[in-house]
Amino acid sequence: NAGVTQTPKFQVLKTGQSMTLQCAQDMNHNSMYWYRQDPGMGLRLIYYSASEGTTDKGEVPNGYNVSRLNKREFSLRLESAAPSQTSVYFCATYRGDTQYFGPGTRLTVL
Amino acid sequence: AQSVTQPDIHITVSEGASLELRCNYSYGATPYLFWYVQSPGQGLQLLLKYFSGDTLVQGIKGFEAEFKRSQSSFNLRKPSVHWSDAAEYFCAVGPPPYNTNAGKSTFGDGTTLTVKP
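The notes below deal with the structure included here. Residue numbers here run from 1 along each chain, matching the order of that chain's written sequence. By the order in which they are written, chains take letters starting at A while ligands take numbers starting at 1. In keeping with the predicted nature of the model, local features appear solely for residues at pLDDT of at least 70, side-chain atom pairs appear and are counted solely at 80 or more, and the whole-chain, interface and lining totals rest on all residues. Derived side-chain values reflect all non-hydrogen atoms in the structure, with water molecules and hydrogen atoms excluded from consideration.

Considerations on the overall build of chain A
Scanning chain A for helices and strands turns up zero helices and eleven strands. Traced from its N-terminal end to its C-terminal end, chain A shows the element sequence β-β-β-β-β-β-β-β-β-β-β. Taking 13 Å as the expected radius of gyration for a compact globule of 110 residues, we find that chain A reaches 13 Å, a close match to that expectation. Reported as C-alpha extents along the three principal axes, the dimensions of chain A are approximately 40 × 25 × 25 Å. For chain A, the residues scored as buried account for 48% of the 110 residues in total. Working rule for contacts: check all heavy atoms of both residues, and any pair within 4.5 Å makes them a contact. The long-range share in chain A, meaning contacts at least 24 apart out of those at least 6 apart in sequence, stands at 54%. All accessibility values rest on the Shrake-Rupley procedure with a 1.4 Å probe; residue burial counts only the protein chains present in the view. Of the accessible surface of chain A, which amounts to about 5100 Å², a share of 49% is contributed by carbon and sulfur atoms. Charge assignment in this entry is limited to Lys and Arg as positive and Asp and Glu as negative, and neither His nor the chain termini are counted. Every charge is mapped onto a representative atom, which is NZ of Lys, CZ of Arg, CG of Asp or CD of Glu. In chain A, the 11 positive side-chain charges and the 8 negative ones have mean positions that sit 6 Å from each other. Helix numbers and strand numbers start at the N terminus; a helix is a DSSP run of H or I with at least 4 residues, a strand a run of E with at least 2. Within these notes, the globule rule equals 2.2 Å times the number of residues to the 0.38 power, and the radius of gyration is based on C-alpha atoms. Any residue under 20% of the maximum accessible area for its type is buried, any over 50% is exposed, and the rest in between are partly exposed; the area is computed with a 1.4 Å probe on protein chains only.

Written out as structure tokens, the structure is:
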């Protein structure tokens, strides 16, 4: 039972490159989230998915797209990476009254 | 709109001393409050949470927090700090579990705790 897993753990991109951050969960939770964490700041919600087939914008969605491929997987795509997207990205699920976080992906955009 | 303020960016305490980390929130209805801890390079670990009931909540690792509605505060405390408590601590507020937006938490900017030997 791995909980919430994220790949890759680290990534370096050049400005303008694209990439997809992967998130998977084995807890059968309906709700999934993508957050970013910048130095000196808390987590900010990028996108979330209340259930399979639905997605919605959070606080900072610009420059990102998401796909809820199935109940297990929720991916975050950067179409044209910018230095302002350098951050640590966390995926999370939610069930009952508790949020479960993945270990994070550290992304650097040069 | 919901928001969280953690007034202290950095706190230093001596090992064995008591600790209090401050958290003030803004939320239009009954809030659901959390404290998380994050060690360097790690994800977030839930310390404790509060929605209703006794306003003094016990969590893991010997932490507790007190909800004060009149002050819109949810301060985290520990009677005696250990060196392993050095980390970053985040307070968060969100809709209650029965709300359709449950899980959409807003986080404070965090307080970094340094423990002196």
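Considering the packing of aromatic side chains
All names here are of chain B. Centre distance within 6.5 Å is the pairing criterion for rings of Phe, Tyr and Trp, where only the six-membered ring of Trp is used; planes under 30 degrees apart are then read as stacked, over 60 as edge-to-face, and the remainder as tilted. Across all of its chains, the model carries 15 aromatic pairs over all chains by this definition. Between Tyr-32 and Phe-51 the ring centres are 5.7 Å apart and the planes differ by 90°, which places this aromatic pair in the edge-to-face class. A residue pair is termed long-range when its members are at least 10 positions apart, and Tyr-32 in strand 5 (residues 32–38) and Phe-51 in the loop between strand 6 (45–50) and strand 7 (56–58) qualify at 19 residues. A relative accessible area of 2% means that Tyr-32 is categorised as buried. Take Phe-51: its relative accessible area is 24%, and that puts it in the partly exposed class.

A look at the sheet that holds strand 3 (residues 19–25) of chain A
Across a sheet, paired strands are connected by hydrogen bonds in the backbone, their directions being either parallel or antiparallel. Residue and element names in this part refer to chain A. If you trace the four strands from one edge of the open sheet to the other, you get 1-3-8-7, paired in antiparallel fashion. Looking along the sheet, the strands with just one partner apiece sit at the ends: strand 1 (4–7) and strand 7 (65–67). The mean inter-strand angle of the sheet, taken between neighbouring strand axes irrespective of direction, is 20°. Whether two strands pair comes down to DSSP finding at least two bridges between them. For strand 3 and strand 8 (residues 75–78), the ladder comprises three bridges, and the chain directions are antiparallel. Bridged to Leu-21 within strand 8 is Leu-76. Axes here refer to lines fitted to C-alpha atoms; in helices the fit is confined to the stretch in contact. Angles between the N-to-C directions go from 0 to 180 degrees.

Structural notes on the environment of Gln58(B)
Residue and element names in this part refer to chain B. Its place among the elements puts Gln-58 in strand 7. Between the C-alpha atoms of Gln-58 and Arg-77, which are 19 residues apart in sequence, the distance is 9.8 Å. Beyond its immediate sequence surroundings of up to four residues, Gln-58 is in contact with Leu-48, Phe-63 and Glu-64. Side-chain polar atoms of Gln-58 contact the side chain of Glu-64, separated by 3.1 Å. The term polar contact refers here to a pair of N or O atoms within 3.5 Å; inside protein, the definition further demands a hydrogen-donor-capable atom paired with an acceptor-capable atom, and it admits residues adjacent in sequence only when both atoms are side-chain atoms.

Topic: the nonpolar core
Residues belong to a common nonpolar core when they are buried Ala, Val, Leu, Ile, Met, Phe, Trp, Tyr or Cys residues joined through side-chain atoms within 4.5 Å. Within the largest apolar cluster, 27 residues are counted, with the highest numbers of intra-cluster contacts made by Trp35(B), Leu48(B), Phe74(B), Leu76(B) and Tyr89(B). Examining the composition of this core, we find that four residues originate from one element, strand 10 (residues 87–94) of chain B, more than from any other. Setting aside chain neighbours within four positions, we find Phe74(B) in contact with Cys23(B), Leu33(B), Phe34(B), Trp35(B), Leu48(B), Tyr50(B), Ala65(B), Glu66(B), Phe67(B) and Cys91(B). Ranked by size, the runner-up nonpolar core spans 21 residues in total, among them Val4(A), Leu13(A), Val60(A) and Tyr64(A).

Description of the interface of chain A and chain B
Often the size quoted for an interface is simply the accessible area lost on bringing the parts together. Facing the 19 residues of chain A at the interface are 20 residues of chain B. Taking both partners together, chain A and chain B bury about 1500 Å²; carbon and sulfur atoms supply 52% of that area. The largest per-residue losses of area from chain A upon contact with chain B belong to Tyr94(A), Asp97(A) and Phe101(A), which jointly make up 28% of the total buried on that side. Salt bridges are identified by distance alone: a Lys or Arg side-chain nitrogen within 4 Å of an Asp or Glu carboxyl oxygen. Our count for the chain A to chain B interface comes out at one salt bridge. Here Asp97(A) makes a salt bridge to Lys49(B), at a shortest N to O gap of 2.9 Å. On the surface where chain A and chain B come into contact, there are ten residue pairs in polar contact (both at pLDDT 80 or more). Where the side of chain A that touches chain B is concerned, the elements lending two or more residues are strand 4 (31–37), strand 5 (43–49), strand 9 (87–95) and strand 10 (98–101) of chain A. Values labelled buried area give the accessible surface lost by two parts on being combined, using a 1.4 Å probe and summing over both.

Some points on the side chain of Thr93(A)
Residues and elements named next belong to chain A. For Thr-93, the location among the structural elements is in strand 9. Here His-29 takes part through its side chain, which lies 2.9 Å from a polar atom of the side chain of Thr-93. In contact with Thr-93, other than residues within four places in its own chain, are Val-4, Gln-25, Met-27, His-29, Ser-31, Met-32, Tyr-33, Thr-98, Gln-99 and Tyr-100.

So yeah, pure geometry; function would need other evidence.
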